[in-house]
Amino acid sequence: MTSDKGLLIVLSGPSGVGKGTVRKAIFDDPDTTFKYSISMTTRRQRDGEVDGVDYFFKTKEEFESLIEQDKFIEYAEYVGNYYGTPIDYVVETMENGHDVFLEIEVEGAKQVREKFPEALFIFLAPPNLAQLEERLIGRGTDSMEVIKHRITEAKRELKLMNLYDYVVINEDVQQAKGRVQCIVEASHMRRARVESKLRKLLLEVNN
Ligand SMILES: Nc1ncnc2c1ncn2[C@@H]1O[C@H](COP(=O)(O)OP(=O)(O)OP(=O)(O)O)[C@@H](O)[C@H]1O
Ligand SMILES: Nc1nc2c(ncn2[C@@H]2O[C@H](COP(=O)(O)O)[C@@H](O)[C@H]2O)c(=O)[nH]1
């Protein structure tokens, strides 16, 4: 009895906390073996973003048609746009034994928890709200109106961090990256220990 299936890793947290930055640091590490699930969205493509790399950019009609066809593990409407995780890639990749990494907002993470309770849920938190706002302003990708909306959402999302398996504070990117990697490693070790105990128990019961 060994689980050949990969682990589903969910990194969530408010917009601007640094999920994308920490995720890039993890995937720039040559030792990283997880696979990143590219999300779909209806939001407009930002300068420098590449379709099929950063997101699969879809129209509202295309996205709604995929919802109808049950093509998402989870999806959410966030600040006026749809965002969702395509199901086929995640299921196939995990079946092939690879860990899959999702970087999604909090409502989507809640939906994943309902469908995959065995997944690993990590909440990335800012050191404080002022720094969160500074990061959103500093990123320079959103108007002040959108930033205000994202901060309002952040206040709601931060109240939900106790529902996660782990909380990592993103004070320093390399430190946060290391903590996420350690948490994943520990989860693998724990899973292996549980499976080994179950194997022994089964042997005992069968003999
Ligand atoms: N530890 C950190 N210290 C200072 N600045 C940071 C840190 N981590 C990320 N940033 C900066 O904060 C801004 C927001 O980061 P990022 O885009 O990664 O956030 P995000 O959580 O992925 O946002 P969204 O959910 O909107 O995609 C970026 O300009 C990034 O360079
Ligand atoms: N529920 C989901 N949320 C997602 C997904 N992909 C990204 N996101 C989150 O949306 C917000 C806004 O992203 P931005 O790129 O417009 O800044 C952010 O919190 C992302 O993490 C997804 O597939 N599902």
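Just so we're clear, the structure is a prediction, and the values are computed from it rather than from any experiment.

Caption draft 1: Helix H4 (residues 106–115), seen in detail. Of the residues making up H4, those classed as buried are Val106, Gly108, Ala109, Gln111 and Val112. Contacts from the buried residues of H4 go to strand E1 (8–12), strand E5 (72–78), strand E7 (100–104), strand E8 (120–125) and helix H6 (144–158). For H4, the capping residue at the N-terminal end is Glu105, with a side-chain oxygen 3.1 Å from the backbone nitrogen of Glu107.

Caption draft 2: Summary view of the pattern of salt bridges. Counted according to the given criterion, the structure contains eleven salt bridges. Measuring nitrogen to oxygen at the nearest pair gives 3.2 Å for the salt bridge that ties Asp142 to Arg139. According to the relative accessible area criterion, Arg139 is partly exposed, its value standing at 38%. Put simply, Arg46, Arg139, Asp142 and Arg150 are held in one network by salt bridges that share partners.

Caption draft 3: Representation of the site of ligand 2 in the model. The environment of ligand 2 is formed by 17 residues, the closest being Ser39, Arg43, Tyr55, Tyr83 and Glu105. One nitrogen or oxygen atom from the side chain of Glu74 is found 2.8 Å from a nitrogen atom belonging to ligand 2. Taking Tyr83, its side chain carries an N or O atom lying 2.5 Å from an oxygen atom of ligand 2. Those elements that place two or more of their residues in the shell around ligand 2 are E5, strand E6 (81–86) and E7. Looking at side-chain class alone, the shell around ligand 2 contains five nonpolar, four polar and eight charged residues.

Caption draft 4: Representation of the pairing of E5 within the structure. Of all seven residues in E5, five are buried, a share of seventy percent or more. One ladder, built from six bridges, connects E5 with E6; its direction is antiparallel. Pairing of Phe72 across the sheet is with Pro86, part of E6. Remark: two residues form the turn of the hairpin made by E5 and E6, two consecutive strands paired antiparallel; Val79 in that turn has positive phi of roughly 45 degrees.

Caption draft 5: Structural context of the UniProt feature "binding site: ATP" (unreviewed entry) in the chain. This chain's UniProt record puts "binding site: ATP" (unreviewed entry) on Gly13, Pro14, Ser15, Gly16, Val17, Gly18, Lys19 and Gly20. Along the polypeptide, Pro14 turns up in the loop between E1 and helix H1 (19–28). Overall, Pro14 belongs to the buried group, its relative accessible area being 0%. Setting aside anything within four residues of it in sequence, one finds Pro14 in contact with Lys19, Phe123, Leu124, Pro126, Leu132, Ala154, Glu157 and Leu158. Position of Gly18 relative to the elements: it lies in the loop between E1 and H1. Not counting residues up to four positions away in its chain, the partners in contact with Gly18 are Leu124 and Asn170.

Caption draft 6: Quick peek at the nonpolar core. In this structure, Ile9, Phe101, Ile122, Leu124, Val168 and Val180 are the most contacted members of the largest nonpolar core, which totals 23 residues. The set of elements that each furnish at least two residues to this core consists of E1, H1, E8, helix H5 (129–139), H6 and helix H7 (173–206). It is H7 that provides the largest number of residues to this core, a total of four residues. In this view, Phe101 contacts Ile9, Leu11, Arg23, Ile26, Phe27, Phe34, Lys35, Tyr36, Ser37 and Val180; residues no more than four positions away in its chain are not counted. Core analysis: the next-biggest nonpolar cluster, separate from the first, contains 18 residues, Leu8, Val10, Leu102 and Leu158 among them.

Scoring rules and cut-offs
Residues numbered from 1 in each chain as written. Chains lettered and ligands numbered in written order. Predicted model: local features only at pLDDT ≥ 70, side-chain atom pairs only at ≥ 80, totals over all residues. Heavy atoms only, no water. Buried < 20%, exposed > 50% of the residue type's maximum accessible area, 1.4 Å probe, protein only. Helix = DSSP H or I, 4+ residues; strand = E, 2+ residues; numbered from the N terminus. Contact = heavy atoms within 4.5 Å. Polar contact = N/O pair within 3.5 Å; in protein donor to acceptor, adjacent residues only side chain to side chain. Salt bridge = Lys/Arg side-chain N within 4 Å of Asp/Glu carboxyl O. Near = heavy atom within 4 Å. Nonpolar A, V, L, I, M, F, W, Y, C, P; charged D, E, K, R; others polar. Pairing = 2+ DSSP bridges. UniProt positions renumbered as here; feature names shortened; annotations may be inferred. Core = buried A, V, L, I, M, F, W, Y, C linked by side-chain atoms within 4.5 Å.

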